[in-house]
Amino acid sequence: MKSTANDHASDPILVIGAGPAGIVTGYFLQQYGLPYEIIDRANIIASTWASLYPSLRLNTTRYFSHMPGRRFPLSWGEFPTGRQYHGYVGRFADAHRLNITLGVDVSRLQQAGDEWEVTSSRGHERYRNVVIATGRFSNPYTAAVPGLTEFQGYRIHAHDYHGPEPFAGKRVLIVGNGPSGLDIALEIGQRNGPTQPALLSMRTGITLRRRYPLGLSKHAWMLATRWLPERIREPFLDYVERLGFPESALHGIKTPKEGSTSGAVAVRGGELIPAVRRGEVVCVDGPARFTTDSVILTDGSTHAIDAVIVATGYRPALGFLEGLKLDCDDQGWPRRFNSRPYDIDYAKLSYRGTYDVGPAIDAQFEPTRRELRGYPGLFQVGLYYKGKGAMYNFNVEAEITAAQLAQRIAPSANA
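Residues numbered from 1 in each chain as written. Predicted model: local features only at pLDDT ≥ 70, side-chain atom pairs only at ≥ 80, totals over all residues. Heavy atoms only, no water.

A. Structural view of unusual backbone geometry. With a phi angle near 50 degrees, Arg97 is a residue other than glycine that sits in the positive phi range. Of note, Arg97 is situated in the loop between α4 (82-95) and β3 (100-102). The exposed category is assigned to Arg97, whose relative accessible area is 77%. A positive phi angle, near 55 degrees, is found at Leu214, a position not held by glycine. With respect to the helices and strands, the residue Leu214 is situated in the loop between β11 (207-209) and α6 (218-224). According to the relative accessible area criterion, Leu214 is partly exposed, its value standing at 47%. (Helix = DSSP H or I, 4+ residues; strand = E, 2+ residues; numbered from the N terminus. Buried < 20%, exposed > 50% of the residue type's maximum accessible area, 1.4 Å probe, protein only.)

B. Region of the structure containing the pattern of salt bridges. For the coordinates displayed, the defined rule picks out 13 salt bridges. Between Arg233 and Glu234 there is a salt bridge, and its shortest N-O distance comes to 3.1 Å. The partner of Glu280 in a salt bridge is Arg278, with the nearest N and O atoms 3.1 Å apart. Each of the salt bridges in this network shares a partner with another, and the network as a whole consists of Glu37, Arg122 and Glu125. (Salt bridge = Lys/Arg side-chain N within 4 Å of Asp/Glu carboxyl O.)

C. Fine view of the packing of aromatic side chains. Scanning all chains against the criterion turns up 17 aromatic pairs. Sitting over the ring of Phe79, Arg211 keeps its end group 4.9 Å from the ring centre. Positioned above the aromatic ring of Tyr141, the side-chain terminus of Arg315 is 3.9 Å from the ring centre. (Phe/Tyr/Trp six-rings, centres within 6.5 Å; stacked < 30°, edge-to-face > 60°. Lys NZ or Arg CZ within 6 Å of the ring centre and 35° of its normal.)

D. Structural detail: the sheet that holds strand β1 (residues 13-16). In space, the 5 strands of this open sheet follow the order β3-β2-β1-β7-β18, with parallel pairing throughout. The open sheet terminates on both sides in strands that have one partner only, identified here as β3 and β18 (378-380). Each neighbouring strand pair of the sheet contributes to a mean axis angle of 25 degrees, computed without reference to strand direction. Sheet analysis places strand β2 (residues 36-40) next to β3, joined by 3 bridges and oriented parallel. Bridge pairing links Ile39 to Thr101 in β3. Where helix α10 (residues 390-409) meets the sheet, its contacts fall on β1, β7 (130-132) and β18, and the angle it forms with β18 comes to roughly 165 degrees. (Pairing = 2+ DSSP bridges. Axes fitted to C-alpha atoms, helices over the stretch in contact; angles between N-to-C directions. Contact = heavy atoms within 4.5 Å.)

E. Just the pairing of strand β14 (residues 287-290), in detail. In this structure, β14 lies alongside strand β15 (residues 294-297), joined through 3 bridges in antiparallel fashion. Of the residues in β15, the one forming a bridge with Phe290 is Val295.

F. Representation of the nonpolar core within the structure. Among the nonpolar cores identified, the biggest contains 79 residues, and Tyr85, Ile174, Ile253, Leu272 and Ile309 are the most heavily contacted of them. Beyond its immediate stretch of four places on either side in the chain, Ile174 contacts Gly181, Ile184, Ala185, Ala198, Leu199, Leu200, Ser201, Ile309 and Ala311. In this structure, Leu14, Leu109, Leu321 and Tyr375 belong to the second largest nonpolar core, which totals 20 residues. (Core = buried A, V, L, I, M, F, W, Y, C linked by side-chain atoms within 4.5 Å.)

G. Fine view of the sheet that holds strand β6 (residues 123-127). Here we have 3 strands laid out as an open sheet, ordered β4-β5-β6, and antiparallel in their pairing. What marks the edges here is a single partner per strand, and that holds for β4 (106-112) and β6. Looking at each pair of strands side by side, their axes are set apart by 20 degrees on average, direction ignored. As defined by bridge partners, β4 adjoins strand β5 (residues 115-120) across 6 bridges and the pair is classed as antiparallel. Note that in β5 the partner of Leu109 across the bridge is Val118.

H. Region of the structure containing the environment of Tyr212. Examined against the element boundaries, Tyr212 turns out to sit in the loop between β11 and α6. The exposure class assigned to Tyr212 is partly exposed, which follows from its relative accessible area of 39%. When the C-alpha atoms of Tyr212 and Gly269 are compared, they prove to be 7.7 Å apart, with 57 residues separating the residues in sequence.

I. Structural context of helix α5 (residues 179-192). Here α5 contains 14 residues, and its C-alpha end-to-end distance of 20 Å stays within 8% of the 20 Å for a straight helix at 1.5 Å per residue. Every buried residue of α5 is listed here: Gly181, Leu182, Ile184, Ala185, Leu186, Glu187, Ile188, Gly189 and Asn192. Looking one or two places after α5, you find Gly193, whose phi comes out positive at around 70 degrees. (Expected span 1.5 Å × (residues − 1).)

J. Quick peek at the side chain of Ser201. Inspection of the secondary structure assignment puts Ser201 in strand β10 (residues 198-201). Within the structure, the side chain of Ser201 is placed 3.0 Å from the backbone oxygen of Asp285, a separation counted as a polar contact. Non-local contacts of Ser201, meaning those with residues more than four positions away in its chain, are made with Leu173, Ile174, Val175, Gly176, Asn177, Val284, Asp285, Gly286 and Pro287. (Polar contact = N/O pair within 3.5 Å; in protein donor to acceptor, adjacent residues only side chain to side chain.)

K. Spotlight on the packing of helix α1 (residues 20-31) against α4. The contact between α1 and α4 brings their axes to 10 Å, and the two run at 25 degrees. As far as their axial angle goes, α4 and α1 are roughly parallel. Note that α1 runs across α4; the crossing there is left-handed. The residues of α4 that touch α1, namely those facing Pro20, Ile23 and Tyr27, are Tyr85, Val89, Phe92 and Ala93. Split by residue class, the contact of α1 with α4 holds 7 nonpolar, no polar and no charged. (Parallel < 35°, antiparallel > 145°, perpendicular 65-115°, else oblique. Left-handed = near helix turned anticlockwise from the far one by under 90°. Nonpolar A, V, L, I, M, F, W, Y, C, P; charged D, E, K, R; others polar.)

Purely spatial values, then, with no claim about function.
This is the structure:
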């Protein structure tokens, strides 16, 4: 006899990834009374956060970055450090006694009838429902630059950077002007001083934004103005978002040409400005090619270097899905579409199922769609990084995922 959805009510849900997104997914599954297990290939919870460089701070504020029901201590300020956040995630998991198994490396995920066969370091197992929460920060991406592999100096990705000490006195090129690239350039520049400035390579330039525009952070302004009519609030928040620095203050810093946005990264804070003035950081063009001991930039200049730190971002950590025919976006994330019409009252969810960044963005990233297109029972959280920030957004995605799984497992009880 064919089994019904209710026959599977006791089947455990597998969550792959014990980073923040996987942890909060387990929390919401637990709130729904659904059996689950979180697994991770590392031997420590939130392993990526455990090994980041010491000076890293969250780019998003305390107001939207905390996990459900557990705010950050006031002593951490508005922008907690990466180390503080890592400890916080571990304490959250302990406080809720989440079911986590570490040291389990998943190598393959494939369909087996109406189930998912998971091949991992502990063998072959089958689950009716799987949630992917592996994120992107464990899969470093290195942009292809001619000659980079032939460079004989020290070369690492920003993922493996743990501090400026190994680069003392060295001629260092940092490729990429995102948040990590900027942080690393500032650290190395401060360490080596103007006698050996850090070279910060940027393709189209960098757009600097104030960390506290008009005296408050962007998120503080979002909270302060939330009661205003939308016709007043949205233009004001857009103005706050665009507040930068006078052109005269940006002398020596490459900025995007008017009308150009490709490659430009908004960075919270103007720490780069004094570092450039002191000669600790020199902003240069993007690399055209490398030799064994130097870099030739797109402006034709050549610089002898001892080390290259590649800060060109990450891609989704989804190698175990290689056997599936996925429809992916330009970042490598599988597109999602409900395989069934989950009829959930989103108004009852803690996070209201919205990224709060406008209808166009919500429609594009569709927070209500957590199931992968064409693959019933396979869900994904931890995808969207804009708006209120990744930490807020994976709370949204995790809660919606748990609600959809509750309905998928027992539709009559959750309708």
